Amino acid sequence: MINLFLRRLMYAVPIAFGVSVVCFSLVYLAPGDPLQTILPSDASADTIAMVKAAYGFDKPLPIQFLKWLGRVMVGDFGQSIATRRPVVLEVTGALYNTSVLALFAVPIAFSTGFSMGAIAGCFPGKWIDRVLTGSAVLGVSLPNYWFGIVLVIFFAVEAMVLPATGMGANGSDQFNFLRWSDARYLVLPVITLSMVPIGIIARTTRAAVAEVMNQDFVITLRAKGLSETAVIRHVLKNALPQVLAVMGLQFGYLMGGSILVETVFTWPGSGFLLSKAIINRDVPVLQGTILMLALIFVATNLLVDLMQSWIDPRIRRT
Amino acid sequence: MSSPLVEVQDLNVRFVTRESTAHAVNGVTFSVQPGEVLCILGESGSGKSVTLRALMRLLPANKARISGSIKVDGQDVLALDAAGLSRLRGGLVSMIFQEPMTALDPVYTIGDQIVETIRRHKGGTKAAARARALELLELVKIPSAAQRLDNYPHELSGGLRQRAMIAMALSCGPRLLLADEPTTALDATVQIQVLILLRKLQADLGMGTIFVTHDLGVASEIADRIAVMYAGRIIEEGPVADILANPLHPYTRGLMASTVHGQSRDRDIDAIPGSPPDLRQLPPGCAFAPRCAQASGDCLTAPPEPRYPAPGRMARCVQVSAKTPEFA
């Protein structure tokens, strides 16, 4: 198992490196010059050259990349062009805010989606399957920002039982875990964010469970006289690796934050930060955020990989 | 004679879908004595596996319609509730499947799967069940059994997997063993080893056994009696030696003619012409009549009634008593 972990970790390193190359170069592939936003439109050629040199934009790209990578390795992502604050603070702050949402959305979405899918998969074609699969399709299909706005209209504007926006009593400043009343600010964004993962996980689980249910060994389990509960436990364990793969992706998406949902609820998370960085052409922030999110994806995939091979030993061999 | 272990009377299984109804098993009647091996012989689609699964009610409840009567050790299987059925399965009756590759759960170890069965039926601690599982693996002659206990099915060869499957089936001391082509998926050399093992265990433990196969050679190796199935009916039944020496039904004769038995190499094997009938539209008469060289007008009107030309022998063919004077 430790061997396996080290091997998978070694696979992750080149992936992370590739990701960093893509992150770095994406910004140069995008149209527009990042310096335009901070330089006055009538700046002289000397000034432009000076600012370019100050930010290191005058060097050849490979050199810029290596220098950037060297700094990134020690946690220095540079300075935000828009706010002049260190990128690390911007990114970690935003990631923290998003992870507050994810902390609640992940368990809710994963357990609900998995249960719905498991029940539907055990009774394929029955009315309960139709109802659950139907709701899952609805969850995936409804645009979640629209759903968020509808929730705001019902619970904040009409019923006035929940706050419409912000992270707590101090507005969009800081979420405080120790202040119970701040929990009310979580309800609507967490529900809104959970919709899509619930739908996707429910459908994946249903498909996996229904497929395993049709396998020969399920007849053997019944022929052994096992109770239906015990049979379902076997089936779920067999279906789990497939579901975990999808859960890993959904976890990554939730950590990436939803630009639209975070905008609807003015929740200053990573999606919100990304959209701001794009609009301002804030290259260092963009690079830092994308890289961090990509690394979270890589780490999640590594974890999913290990969990899968722990559950299904056949995966270990490949 | 003691009361039979298995008594099946007029068993019918139909698979009903919206489009059609397949008559998989049509009026099957047979019995098995304690300790006896009955071989059900037939080609694919003859209803032999369906009959076997019906004995444990393993057919999908929403599609299969079962009628008739099945008694195992005096219990009416078709009338059992869920709890009774769960006690019967794996306890009184257990089953070995054709494909050891797919019939074992791939994400549980062999040991766990046996332990689980033992604890379901006999209770007891995990350690005791594990000790028993080890005994069973040794009983079925799995080498280095203690390590195999912690192996997953994919880590074992086909033959070992089938032995593990047999160990699991024997774990709770069943009185009736159902074997659904247990050697078909194995290599020829492994096949004979598993067959010999099964025959020995069956005799040692005194289990009544129903062994389903399409392989005449396997049947002659293991059976006390043979029942030949065609299109969901038993068309001939009798002691193994008698059937092999003197098949009565034209289909059984055709089966024997179509095996390799020392013909000269340049001769084609005598295959039975035609193919088995569509189970969704069975002919009104003898299902074999369209392929039978001796078929007459009588064969086409109604399925022939069973005839008993000798003690313990049965055949469903209109020509039987007339054509076999030595039994008359």
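Residues numbered from 1 in each chain as written. Chains lettered and ligands numbered in written order. Predicted model: local features only at pLDDT ≥ 70, side-chain atom pairs only at ≥ 80, totals over all residues. Heavy atoms only, no water.

Engineer: Requested: an account of the pattern of salt bridges, with residues and values cited.
Structural biologist: As enumerated under the stated definition, the model contains 18 salt bridges over all chains in all. The shortest N-O distance in the salt bridge between K224 of chain A and E116 of chain B comes to 2.9 Å. Of this pair, K224 of chain A sits in the loop between α8 (216–223) and α9 (228–256) while E116 of chain B sits in helix α4 (residues 110–122), each in a different chain. One exposure class covers both K224 of chain A and E116 of chain B, and it is buried. The partner of E181 of chain B in a salt bridge is K48 of chain B, and the shortest N-O contact between them spans 3.4 Å. With E181 of chain B in the loop between β7 (176–180) and α8 (188–205) and K48 of chain B in helix α1 (residues 48–55), the pair connects residues that are 133 residues apart, well separated along the chain. Judged by its relative accessible area of 5%, K48 of chain B is buried. Because the salt bridges share partners, they merge into one network encompassing E36, R225 and E237 of chain B. (Salt bridge = Lys/Arg side-chain N within 4 Å of Asp/Glu carboxyl O. Helix = DSSP H or I, 4+ residues; strand = E, 2+ residues; numbered from the N terminus. Buried < 20%, exposed > 50% of the residue type's maximum accessible area, 1.4 Å probe, protein only.)

Engineer: Hey, could you go over the sheet that holds strand β4 (residues 64–72) of chain B for me, with residue numbers and the actual values?
Structural biologist: All names here are of chain B. Read across the open sheet, the four strands follow the order β2-β1-β4-β5; overall the sheet is antiparallel. Every other strand in the sheet has two partners, leaving β2 (21–32) and β5 (75–76) as the edge strands with one partner each. Sheet analysis places strand β1 (residues 6–16) next to β2, joined by eight bridges and oriented antiparallel. Bridging from a neighbouring strand, V16 pairs with T21 of β2. Packed on one face of the sheet, α1 meets β1, β2 and β4 and runs near 115° to β1. (Pairing = 2+ DSSP bridges. Contact = heavy atoms within 4.5 Å. Axes fitted to C-alpha atoms, helices over the stretch in contact; angles between N-to-C directions.)

Engineer: Describe the interface of chain A and chain B, listing the residues and the values that go with them.
Structural biologist: Taken together, the 20 residues of chain A in the interface contact 23 residues of chain B. In total, chain A and chain B occlude about 2,000 Å² of area from one another, counting both sides; carbon and sulfur atoms represent 58% of this. Counting across the interface, chain A meets chain B through one salt bridge. Run the count over chain A and chain B and you get 15 residue pairs in polar contact (both at pLDDT 80 or more). (Buried area = accessible area lost by both parts, 1.4 Å probe. Polar contact = N/O pair within 3.5 Å; in protein donor to acceptor, adjacent residues only side chain to side chain.)

Engineer: I'd like a description of the packing of aromatic side chains, backed by residues and values.
Structural biologist: All names here are of chain A. Taken as a whole, this structure holds eight aromatic pairs over all chains when the rule is applied. On the basis of an interplanar angle of 40° and a centroid distance of 5.4 Å, the ring pair of F24 and W68 is categorised as tilted. With F24 in helix α1 (residues 2–29) and W68 in helix α3 (residues 61–73), this residue pair connects regions lying 44 residues apart in the sequence. Given the relative accessible area of 4%, W68 is considered buried. (Phe/Tyr/Trp six-rings, centres within 6.5 Å; stacked < 30°, edge-to-face > 60°.)

Engineer: How would you summarise the packing of helix α7 (residues 183–213) of chain A against α9 of chain A if you had to cite specific residues and measurements?
Structural biologist: Residues and elements named next belong to chain A. Running from N to C, α7 and α9 cross one another at 150°; their axes reach a closest spacing of 8 Å. It follows that α7 is roughly antiparallel to α9 by the angle criterion. For the pair α7 and α9, the sense of crossing is right-handed. Contact with α7, carried on its side by L193, P197, I200, I201, T204, T205, A208, V209, E211, V212 and M213, involves I232, V235, L236, N238, A239, Q242, V243, V246, M247, Q250 and L254 of α9 and no other residues of that element. Of the residues assigned to the contact of α7 with α9, the class counts are 16 nonpolar, five polar and one charged. (Parallel < 35°, antiparallel > 145°, perpendicular 65-115°, else oblique. Left-handed = near helix turned anticlockwise from the far one by under 90°. Nonpolar A, V, L, I, M, F, W, Y, C, P; charged D, E, K, R; others polar.)

Engineer: Tell me about α3 of chain A, and name the residues and values.
Structural biologist: Residues and elements named next belong to chain A. Between its first and last C-alpha atoms α3 spans 18 Å; for 13 residues at 1.5 Å apiece the expected length is 18 Å, and the two agree. Looking at α3, one finds that the buried residues are Q64, F65, W68, L69 and V72. Around the axis of α3, the buried residues are gathered within 130° of arc, so they sit on the same side. More than 90 degrees from the buried face of α3, the exposed residues found are P62, L66 and M73. (Expected span 1.5 Å × (residues − 1). Arc of directions from axis to C-beta.)

Engineer: Before we move on, can you summarise the nonpolar core with the specific residues and values?
Structural biologist: Ranked by internal contacts, the top residues of the largest apolar core, which has 100 residues, are F30, I114, I166, L178, I210, F211 and I226 of chain B. Here this core takes eight residues from helix α7 (residues 158–170) of chain B, the largest share from any one element. Dropping the residues within four chain positions of it, I166 of chain B is found in contact with I96, V140, V194, L197, L198 and L201 of chain B. In this structure, F24, M167, A208 and L221 of chain A belong to the second largest nonpolar core, which totals 71 residues. (Core = buried A, V, L, I, M, F, W, Y, C linked by side-chain atoms within 4.5 Å.)

Structural measurements only, silent on function.
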